[in-house]
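As a plain string of letters, each chain reads:
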Amino acid sequence: MSRVRFLSLLFFETPTPRAIVVGSGLAGLSAATRLVSHNVPVRLLERSGKPGGNSMKASSGINGSPTKYQPLSDDAFYSDTIKSAGHAISTMTAHREKLISTLTNSSASAIEWLVESKGIDLSKVAQLGGHTYPRTHRGAGPVPPGASIVTALLNSLKKFNIFQLRTAVTVTKILQKDSRVVGVEYRCENGEHGELHGPVIFASGGFAGDAEGMLSHYRPDLAGFPSTNEARPGTQPLLAEVGAQLLDMNLVQVHPTGFVDPGSVESPVKFLAAEVLRGEGGLLLVDGKRFVNELETREDVTNAITVHPRASEAPVQWNVQIVLDEGVFEAAKSHVDFYLWKGLMKKTTLSELGPTALKSVKEFAKAASGKDLDVFHRTSFANWTLFEPSSNSVVYVGTVTPVVHFTMGGVLINEKSEVLQGDGESIEGIWAAGEVTGGVHGGNRLGGSSLLECVVFGRIAGEEAAKYFREITK
Ligand SMILES: Cc1cc2nc3c(=O)[nH]c(=O)nc-3n(C[C@H](O)[C@H](O)[C@H](O)COP(=O)(O)OP(=O)(O)OC[C@H]3O[C@@H](n4cnc5c(N)ncnc54)[C@H](O)[C@@H]3O)c2cc1C
């Protein structure tokens, strides 16, 4: 017997009962951590070759309040989330309110758990769009928050011999017996396939990268758009097959600025050009001309871009330039240095952008220096300091395009992370957490609240599945 086959047998066919977690992003890792803390053996199945999912990419941070770094007692987190959810809140209102209060009321303990129990640095707090107060936590060092949280949880899980992770294994079906979920069917990259039995936690992420599949079904207007997420099929249909209700599937967050990498212009996966570039004073040009107040919401900036002719159909993208001066560069240095290193931005002079761009930047600079000039209603210029631009002025430039970023919709859960059917009854034996679920954010997710939902509902799912595991193995 080959070594691979032997290890595989050990993983899939041991007689010990276990819980199954599908997906190794932050929601799956939070759930698995809770399960092993109750001494429940865990098999974590991950379809990708390496763990971490999109959670690894998160760069702004995780929300929480009050915390030791943001001690303000903050009722506004709940109302900010309701406001950001928009019209969606008018349907299933009581249900959504319960999910949102679970999210916001558990935010303090989520941060405390990560900091005190897992030793993760979350000492920097920033204020993102839509938040009344600063409450988005990240570390003081250079490692982005998603990577530092995921790495810490993975390292701590690896210390438990009852925890086992298998990568390159895709769950293809949920198994039911008498309407109870009893396990999953899986297929490995090497062609091996089979069944694994036990209670199941689904933490398989969103469908923002599924451009030709679920996106084109639920949002045909976004079919073929590039994404910040890996180009992989969404998994909500697997849950729908066992009766889970899907909610808000057409509510999709598009980010106006994903980098078009000059080395792979046609790649469907783009690096996010962080909001901070516009927030610190950057401007956007199409054909050398400004066309929008760059500080408008993601949706408004995206809409202002997409009225222009497309630069390409596959993927569907536009040719927008983002331009920073030295002042903006200094303010966003940690981000921009990385983008320069990756070749996503370059340092150049205004002459390279052509005479129309020079004229636009001169107009912007006049307004920034206090002249009474309406430049698309923009009144804040943050750290822009280039007040007398010339063709020799140094600027930092990249090409950006709107990208599908986050899917608000997914399977309906309750505040116990139980997966619900259309009649509101839970399906026995299965829980879900993270971006695969719907209803927590309504029409628009607040920045920093996705990592939070992964921790809050992931931990709840782990707790509930551990109780169930004890009952069925008594
Ligand atoms: C560039 C970027 C920046 C972001 N920044 C922030 C931020 O600063 N703050 C914030 O709150 N949110 C941010 N987000 C959103 C946030 O990172 C994600 O929504 C969140 O991490 C999702 O976590 P998850 O555990 O639900 O899913 P994921 O982290 O995506 O993990 C799901 C995993 O499940 C696996 N999987 C899927 N289907 C199967 C299957 N059938 N079988 C086996 N495995 C499967 C996938 O391969 C994946 O590894 C950002 C997102 C991106 C893309």
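The name recorded for the chain in an unreviewed UniProt entry is Fumarate reductase, from Lophiostoma macrostomum CBS 122681. The UniProt entry for the chain carries the following text under Catalytic activity (unreviewed entry): "succinate + NAD(+) = fumarate + NADH + H(+)".

K.L.:
Explain the UniProt feature "domain: FAD-dependent oxidoreductase 2 FAD-binding" (unreviewed entry) in the chain residue by residue, including any values.
P.N.:
Within this structure's numbering, the places UniProt gives as "domain: FAD-dependent oxidoreductase 2 FAD-binding" (unreviewed entry) are residues 19-451. A distance of 23 Å separates the end C-alpha atoms of residues 19-451, which is 27% helix and 24% strand.

K.L.:
For the nonpolar core, give the residues involved together with the corresponding values.
P.N.:
Leu35, Ile62, Leu114, Phe202, Leu239, Ile430 and Phe457 are the most contacted members of the largest nonpolar core, which has 74 residues in total. For Phe202, the contacting residues outside a window of four places in its chain are Val22, Val171, Ile174, Thr235, Leu238, Leu239, Ile430, Trp431, Ala432, Ala433 and Val436. Core analysis: the second largest hydrophobic core is formed by 53 residues, Leu324, Leu353, Val375 and Val395 among them.

K.L.:
Explain the packing of aromatic side chains to me, using residue names and the numbers behind them.
P.N.:
Taken as a whole, this structure holds 10 aromatic pairs when the rule is applied. For the ring pair Phe364 and Trp384, a centre distance of 5.0 Å and an interplane angle of 85 degrees mean the geometry is edge-to-face. Taken as a pair, Phe364 in helix α13 (residues 355-368) and Trp384 in the loop between α13 and β19 (394-407) lie far apart in primary sequence, 20 residues in all. With relative accessibility at 3%, the residue Trp384 sits in the buried group. Geometry around Phe406 places Arg445 over its ring, the cationic atom sitting 4.3 Å from the centre. A cation over a ring is seen here: Arg459 above Trp113, with NZ or CZ 4.3 Å from the ring centre.

K.L.:
Any details on the site of the ligand? Residues and values, ideally.
P.N.:
Glu46, Ser55, Ser60, Glu435 and Ser450 are the nearest of the 37 residues found near the ligand. One of the backbone nitrogen or oxygen atoms of Gly53 is found 3.5 Å away from an oxygen atom of the ligand. Protein chains bury 96% of the 1000 Å² of accessible surface belonging to the ligand in isolation. Contributing elements (two or more residues each) for the shell around the ligand: α2 (26-37), β7 (169-177), β19 and α14 (449-472). Per-element accounting of the shell around the ligand gives the leading share, 4 residues, to α14.

K.L.:
I'd like to hear about the domain arrangement of the chain, residue by residue, with values.
P.N.:
For the chain, the domain assignment lists domain 1 (17-211 + 408-472) and domain 2 (253-404). For domain 1 versus domain 2, the distance between C-alpha centres works out to 34 Å. Contacts between the two partners involve 5 residues from domain 1, matched on the other side by 4 residues from domain 2. Between domain 1 and domain 2 the total buried area reaches about 420 Å² when both faces are included, carbon and sulfur atoms providing 40% of it. Joining domain 1 to domain 2, the criterion identifies 0 salt bridges. Per-class residue counts for the side of domain 1 that touches domain 2 are 2 nonpolar, 1 polar and 2 charged.

Rules of the game
- Residues numbered from 1 in each chain as written.
- Predicted model: local features only at pLDDT ≥ 70, side-chain atom pairs only at ≥ 80, totals over all residues.
- Heavy atoms only, no water.
- UniProt positions renumbered as here; feature names shortened; annotations may be inferred.
- Helix = DSSP H or I, 4+ residues; strand = E, 2+ residues; numbered from the N terminus.
- Core = buried A, V, L, I, M, F, W, Y, C linked by side-chain atoms within 4.5 Å.
- Buried < 20%, exposed > 50% of the residue type's maximum accessible area, 1.4 Å probe, protein only.
- Contact = heavy atoms within 4.5 Å.
- Phe/Tyr/Trp six-rings, centres within 6.5 Å; stacked < 30°, edge-to-face > 60°.
- Lys NZ or Arg CZ within 6 Å of the ring centre and 35° of its normal.
- Near = heavy atom within 4 Å.
- Polar contact = N/O pair within 3.5 Å; in protein donor to acceptor, adjacent residues only side chain to side chain.
- Areas by Shrake-Rupley, 256 points an atom, 1.4 Å probe, with all protein chains shown as cover.
- Domains from an automatic or database assignment.
- Buried area = accessible area lost by both parts, 1.4 Å probe.
- Salt bridge = Lys/Arg side-chain N within 4 Å of Asp/Glu carboxyl O.
- Nonpolar A, V, L, I, M, F, W, Y, C, P; charged D, E, K, R; others polar.

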